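Read off the chains here:
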Amino acid sequence: PATDFQGSLRQLLQPWLTGGLPSQETAAEMLGTTPRTLRRRLAEDGASWHAVVNDLKFGKAVARLQEGRSSVREVAEELGYSVPAHFSRFFHHRAGVPPSAYREEVERARELARRPGDPAFARRA
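Description of the structure in this document. All of these numbers come straight from a predicted model, not from anything done at the bench. (Residues numbered from 1 in each chain as written. Predicted model: local features only at pLDDT ≥ 70, side-chain atom pairs only at ≥ 80, totals over all residues. Heavy atoms only, no water.)

Some words on the packing of aromatic side chains
Cut-off, in case you're wondering: Only Phe, Tyr and Trp rings take part, Trp by its six-membered ring, and two of them pair if their centres are within 6.5 Å. Stacked means planes under 30 degrees apart, edge-to-face means over 60, and tilted covers everything else. Secondary structure counts use DSSP, requiring at least four H or I residues in a row for a helix and at least two E residues in a row for a strand, with both numbered from the N terminus. When a residue's accessible area, from a 1.4 Å probe over protein chains only, is under 20% of the maximum for its type it is buried; when over 50% it is exposed; and in between it is partly exposed. Either the NZ atom of lysine or the CZ atom of arginine qualifies as a charge over a ring when it sits within 6 Å of the ring centre and within 35 degrees of the ring normal.
Taken as a whole and assessed by the stated rule, the structure comprises five aromatic pairs. Taking the centre distance of 6.0 Å and the plane angle of 50° together, the rings of Phe 87 and Phe 91 count as tilted. A residue pair is termed a helical-turn pair when its members lie 3 or 4 positions apart in one helix, as Phe 87 and Phe 91 do in helix 6 (residues 84-95) at four residues. We classify Phe 87 as buried; its relative accessible area is 0%. Accessibility expressed as a relative area gives 0% for Phe 91, which makes it buried. Within the aromatic cluster, the residues linked to one another by ring pairs are Phe 58, Tyr 81, Phe 87, Phe 90, Phe 91 and Tyr 102. Over the ring of Tyr 81 we find Lys 57; its NZ or CZ atom is 4.9 Å from the centre of that ring.

Written out as structure tokens, the structure is:
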């Protein structure tokens, strides 16, 4: 369980990441407060509604891209982006690389991690 307001908001929003986030007003109501108080409490933590939402979306995007089962387009749609290029821009801004390059880096790291225990790799070395 979360011990602070921002943590409670994050816990509340996490299950909503796929399928559409509730509005700020609805989230405030579910937390038993008003939208104004929600904004004020986040500001006290140095955060904002958009920052919390973007952090959650980015975390979900990273997790989904690391799984490797969905295309970048599918991840974008899952997170509510109707235009995949907007998701790619968002991800690139946060990660420093486009989502496709991030996924390639993850796959490359997995391959390198598998090699040392691979008998075929040991014979080549």
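Once the structure has been displayed, the description carries forward.
What about the pattern of salt bridges?
As a reminder of what qualifies: Salt bridges are defined as contacts in which a side-chain nitrogen from Lys or Arg sits within 4 Å of a carboxyl oxygen from Asp or Glu.
Taken as a whole, this structure holds eight salt bridges when the rule is applied. Residues Arg 40 and Glu 44 are paired through a salt bridge, measuring 2.8 Å at the closest nitrogen-oxygen approach. With a gap of four residues between them, Arg 40 and Glu 44 both fall in helix 3 (residues 35-44), about one helical turn apart. Judged by its relative accessible area of 44%, Arg 40 falls in the partly exposed class. Overall, Glu 44 belongs to the exposed group, its relative accessible area being 55%. The salt bridge involving Glu 67 is made with Arg 64; its shortest N-O contact spans 2.3 Å. Of this pair, Glu 67 and Arg 64 both sit in helix 4 (residues 49-67), three residues apart, roughly one helical turn. Residue classification places Glu 67 among the partly exposed residues on the basis of a relative accessible area of 35%.

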